[in-house]
Amino acid sequence: MSKYKKIMLDNGIMQKDLLEVIHRVDNRVDKSLLSKMINDVCLPIPKVLETICDYLNCNVLDLYDIREINIAPSNTNLVMTAIKRQDCGGKSHGDNIYNLTIELWRDVAERVFNKQSLKLLGFKNKTECIRHLVYTLDKKLKKIKEKAANDNNITNGDQPIAN
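The structure reproduced in this document is the subject of the present report. It should be emphasised that the depicted structure is a prediction, and the values quoted were computed from it without experimental measurement.

**As for the pattern of salt bridges**
Evaluation of the coordinates by the stated rule reveals five salt bridges. Of the charged contacts, one joins K115 and D17 as a salt bridge, the two residues approaching to 2.6 Å between their closest N and O atoms. Of this pair, K115 sits in helix α9 (residues 115-121) while D17 is found in helix α2 (residues 15-25), placing the two residues 98 residues apart along the sequence. Here R106 and E110 are joined by a salt bridge, their closest N and O atoms 3.2 Å apart. On the criterion of helical spacing, the pair formed by R106 and E110 is a turn pair, its members being four residues apart in helix α8 (residues 106-113). Looking at R106, the relative accessible area reads 62%, which means it is exposed.

Written out as structure tokens, the structure is:
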């Protein structure tokens, strides 16, 4: 299975959906050409590759070996960005991004994370869904900590002044 197919399958992305996104950048890419890219017959041009990586939420080196894409000088910025991400000491997206791997029951994950379910829930992809969950938990944690700090001040004798 090609790297494209695995990433697309894992994210519940259909080839026709990817093609729609690519058309916004380059309408010359048709179904046949995209199929050739996905099946490792040909390489996309840099702006199409960047669009593909953005949509699939991956970097270039998730789709291609460095030797495959380091054949044309026009790929330099995209390739160098991907290489920099890879050389971050296990932090594939740099110091500011926390890369998460989790284990879930397959039946639940497939039910919740398929593209149609995510769309019904108001999310574009799994990453957006998990980010929403983490941000919601972060807000809840902040409120809990604020309440604990306020309760601690009251029990330490910092009673509010009554009028």
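Once the structure has been displayed, the description carries forward.
**Side note on a nonpolar patch on the surface**
There is a patch of nonpolar side chains on the surface, built from Y98, L100, I102 and L104 and spanning about 470 Å² of accessible area. Looking at the secondary structure, you find Y98 in the loop between α7 (76-86) and α8.

**Section: the nonpolar core**
Ranked by size, the top nonpolar core spans 20 residues in total, and within it Y4, L34, I52, L56 and L63 carry the most contacts. Residue assignment for this core shows that the elements contributing at least two residues are α1 (3-11), α2, α3 (31-38), α4 (46-56) and α5 (60-63). Top element by residues in this core is α4. It accounts for five residues.

**Points about unusual backbone geometry**
A positive phi is found at D40, a non-glycine position, where the angle reads about 60°. Residues other than glycine seldom take positive phi values, yet N57 does so here, at roughly 55°. With respect to the helices, strands and loops of the structure, N57 is situated in the loop between α4 and α5.

**Things to note about the packing of α2 against α4**
Where α2 contacts α4, the two axes come as close as 10 Å, and the packing angle between them is 135°. One finds that α2 runs oblique with respect to α4. As for how α2 packs across α4, the hand of that crossing is right-handed. The segment α2 lies against α4, with D17, L18, V21, I22 and V25 engaging K47, V48, T51, I52 and Y55.

**Digging into the packing of α1 against α4**
Where α1 meets α4, the axes come as close as 11 Å, and the angle between the chain directions of the two elements is 35°. Facing α1, whose interface residues are Y4, I7, M8 and N11, α4 presents L49, I52 and L56.

**Focus on the layout of surface pockets**
In this model, the second largest pocket occupies a volume close to 230 Å³. Residue lining of the second largest pocket: M14, D17, E20, V21, R24, Y55, K115, Q116, K119, F123 and K124, and that is the complete set. Going through the elements one at a time, α2 and α9 are the ones with two or more residues in the lining of the second largest pocket. Among the elements that take part in the lining of the second largest pocket, α2 stands out by supplying four residues, more than any other. Of the residues that constitute the lining of the second largest pocket, the class distribution is four nonpolar, one polar and six charged.

**Some words on the packing of aromatic side chains**
One pass over the structure, following the stated rule, counts one aromatic pair. Aromatic side chains Y4 and Y64 sit 5.7 Å apart centroid to centroid with 80° between the ring planes, which places their arrangement in the edge-to-face category. Here Y4 is found in helix α1, whereas its partner Y64 is found in the loop between α5 and α6 (66-69), with 60 residues between them in sequence. Just as Y4 is buried, Y64 falls in that class too.

Conventions used here
Residues numbered from 1 in each chain as written. Predicted model: local features only at pLDDT ≥ 70, side-chain atom pairs only at ≥ 80, totals over all residues. Heavy atoms only, no water. Salt bridge = Lys/Arg side-chain N within 4 Å of Asp/Glu carboxyl O. Helix = DSSP H or I, 4+ residues; strand = E, 2+ residues; numbered from the N terminus. Buried < 20%, exposed > 50% of the residue type's maximum accessible area, 1.4 Å probe, protein only. Patch = residues over 30% accessible without salt bridge, like charges linked within 9 Å, V, L, I, M, F, W, Y side chains within 5 Å. Areas by Shrake-Rupley, 256 points an atom, 1.4 Å probe, with all protein chains shown as cover. Core = buried A, V, L, I, M, F, W, Y, C linked by side-chain atoms within 4.5 Å. Axes fitted to C-alpha atoms, helices over the stretch in contact; angles between N-to-C directions. Parallel < 35°, antiparallel > 145°, perpendicular 65-115°, else oblique. Left-handed = near helix turned anticlockwise from the far one by under 90°. Contact = heavy atoms within 4.5 Å. 1 Å grid on protein atoms, 1.4 Å probe; cavity = no way out; pocket = protein on both sides within 12 Å on 5 of 7 lines; lining within 4 Å. Points joined across faces, edges and corners; volume = space filled by probe spheres on them. Nonpolar A, V, L, I, M, F, W, Y, C, P; charged D, E, K, R; others polar. Phe/Tyr/Trp six-rings, centres within 6.5 Å; stacked < 30°, edge-to-face > 60°.

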